[in-house]
Amino acid sequence: MQIKIKKASHISEAEVTPKHLFMNRRHFIQASAAAGALGSILPPGKAAAGMKLPGITQTAYGNGLEQTKYEDVTSYNNFYEFGTGKSDPANNAQNFQTKPWQVSIEGAVAKPGVVDFDDLIKPHKLEERIYRFRCVEAWSMVVPWVGIPLADVIKRFEPTSKAKYVAFETLVDPERMPGQKRAILNWPYVEGLRMDEAMNPLALLAVGLYGEELPGQNGAPIRLVVPWKYGFKSIKSIVAIRFVEKMPPTTWNMSASSEYGFYSNVNPEVSHPRWSQAKERVIGQGYFSAKKETLKFNGYAEEVASLYSGMDLAKYY
Ligand code: MTE
């Protein structure tokens with residue numbers, strides 16, 4: 001089944017995007033048009049503007065945060081399925097086909113099944129939420145995501161009492177994801193959350209950013225965003241959501257268990273074995289600009305600290 005998408009010409013930018021944002025985007029679109037007029041399509045590494053998403057509800061999340069430019073959010077990426085360099089995903093995911101797309105809902109749920117992307121999203125209202133995003137590599141961004149609360153999706157499929165964790169899986173298709181031709185990581189990329197983490201209102205299933213469909217390099221057509229955890233928990237291009245009783249394996253933990261734990265909460269007090277997590281480089285501010293202090297739980301302590309009360313966060317990193 002298809003979602004009816006309003007023609008782009010029928011949606012005003014103001015309908016989907018706050019003013020300061022669309023002024024920003026206008027500037028980008030004008031710059032892109034100018035580049036086109038000069039005979040060049042966008043240079044490699046630059047994402048083409050995606051389809052606008054209709055009917056986005058604005059929220060108060062992140063109001064007032066300075067947003068990272070669209071160009072930076074979509075050209076400085078980690079997505080090993082498309083290569084390990086920061087510009088590889090934008091270069092190699094340009095023609096990534098995501099239609100049709102299905103997500104398999106599995107395990108301890110009353111309503112398991114394979115669901116078309118459109119049917120997964122359609123019962124929910126799309127929200128824009130501006131979140132801080134902190135990578136374990138000690139850089140950060142602020143991204144206006146568009147998505148639906150993970151908790152709302154989970155509730156629809158009615159997890160049983162055996163569902164203690166939720167596991168997520170990325171597509172495996174080396175023809176469409178050329179990075180998978182090399183065994184850099186164990187494919188598929190997998191991630192997981194404890195059930196109460198997954199049900200926290202901050203956890204978002206994102207389908208867009210800056211009011212538009214997600215570009216391939218950012219995890220089209222659907223990815224997780226868990227803003228109080230390091231970025232690698234935010235698994236991209238999800239094809240399976242599985243409800244399980246035991247803590248599921250996670251890609252980076254399998255790859256280097258002394259460096260990456262299951263929880264991976266942003267924590268300036270617990271260093272990575274090879275570098276400090278006390279500060280972060282803000283993408284878009286230049287390599288030599290002053291670093292910013294990293295906040296515990298990436299600034300979302302009020303919303304999520306209670307999930308971990310009594311836990312030794314140096315042990316459960
Ligand atoms: N998901 C998949 N499937 N493959 C990946 O390599 N990289 C992770 C995460 N999700 C990754 C992934 C890492 S390390 C980060 S920091 C974020 O995606 C980056 O998201 P962004 O490129 O949208 O900023």
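Structure: see above.
We now turn to the structure provided with this report.

Cut-off values and rules
Residues numbered from 1 in each chain as written. Predicted model: local features only at pLDDT ≥ 70, side-chain atom pairs only at ≥ 80, totals over all residues. Heavy atoms only, no water. Near = heavy atom within 4 Å. Polar contact = N/O pair within 3.5 Å; in protein donor to acceptor, adjacent residues only side chain to side chain. Areas by Shrake-Rupley, 256 points an atom, 1.4 Å probe, with all protein chains shown as cover. 1 Å grid on protein atoms, 1.4 Å probe; cavity = no way out; pocket = protein on both sides within 12 Å on 5 of 7 lines; lining within 4 Å. Sits in = over half its atoms within 2 Å of the grid points. Nonpolar A, V, L, I, M, F, W, Y, C, P; charged D, E, K, R; others polar. Points joined across faces, edges and corners; volume = space filled by probe spheres on them. Helix = DSSP H or I, 4+ residues; strand = E, 2+ residues; numbered from the N terminus. Core = buried A, V, L, I, M, F, W, Y, C linked by side-chain atoms within 4.5 Å. Buried < 20%, exposed > 50% of the residue type's maximum accessible area, 1.4 Å probe, protein only. Contact = heavy atoms within 4.5 Å. Phe/Tyr/Trp six-rings, centres within 6.5 Å; stacked < 30°, edge-to-face > 60°.

1. Considerations on the site of the ligand
Here's step 1: The immediate surroundings of the ligand are formed by 16 residues, with Asn77, Tyr80, Glu81, Ser234 and Lys236 found nearest.
Here's step 2: A distance of 2.8 Å separates an oxygen atom of the ligand from a polar atom in the side chain of Asn77.
Here's step 3: Starting from 540 Å² of accessible surface for the ligand in isolation, the protein chains cover 98%.
Here's step 4: Among the detected pockets, the ligand sits in the second largest pocket.
Here's step 5: Residues of the shell around the ligand, tallied by class, amount to 7 nonpolar, 6 polar and 3 charged.

2. Examining the layout of surface pockets
Here's step 1: Computed from the structure, the second largest pocket encloses a volume of approximately 450 Å³.
Here's step 2: Lining the second largest pocket are 28 residues, with Asn78, Phe79, Cys135, Gly231 and Phe232 sitting closest to its centre.
Here's step 3: Ranked by residues supplied to the lining of the second largest pocket, first place goes to strand 5 (residues 139-149) with 4 residues.

3. Here we look at the nonpolar core
Here's step 1: The biggest cluster of nonpolar side chains holds 81 residues, and the ones touching the most others in it are Trp145, Ile222, Trp228 and Phe243.
Here's step 2: Of the residues forming this core, the biggest block, 6 residues, is contributed by strand 5.
Here's step 3: Beyond its immediate stretch of four places on either side in the chain, Ile222 contacts Trp101, Val103, Phe117, Leu120, Ile121, Leu205, Ala206, Val207, Leu214, Lys236, Ser237 and Ile238.

4. Regarding the packing of aromatic side chains
The geometry of an aromatic ring pair comes down to the distance between the two centres and the angle between the two planes.
Here's step 1: All chains considered together, the criterion is met by 17 aromatic pairs.
Here's step 2: For the pair Trp252 and Tyr260, a centre-to-centre distance of 5.5 Å together with 65° between the ring planes defines the contact as edge-to-face.
Here's step 3: For Trp252, a relative accessible area of 16% puts it in the buried group.
Here's step 4: Residue Tyr260 is classed as buried on the basis of its relative accessible area, which comes to 9%.
Here's step 5: Seen from their ring centres, Tyr263 and Tyr308 are 6.1 Å apart, and the 85° between their planes marks the pair as edge-to-face. With Tyr263 in the loop between helix 8 (251-255) and strand 12 (279-282) and Tyr308 in the segment after helix 9 (301-304), this residue pair connects regions lying 45 residues apart in the sequence. Neither residue differs from the other here; Tyr263 and Tyr308 are each classed as buried.
Here's step 6: Within the aromatic cluster, the residues linked to one another by ring pairs are Tyr165, Phe262, Tyr263, Phe297, Tyr308 and Tyr316.

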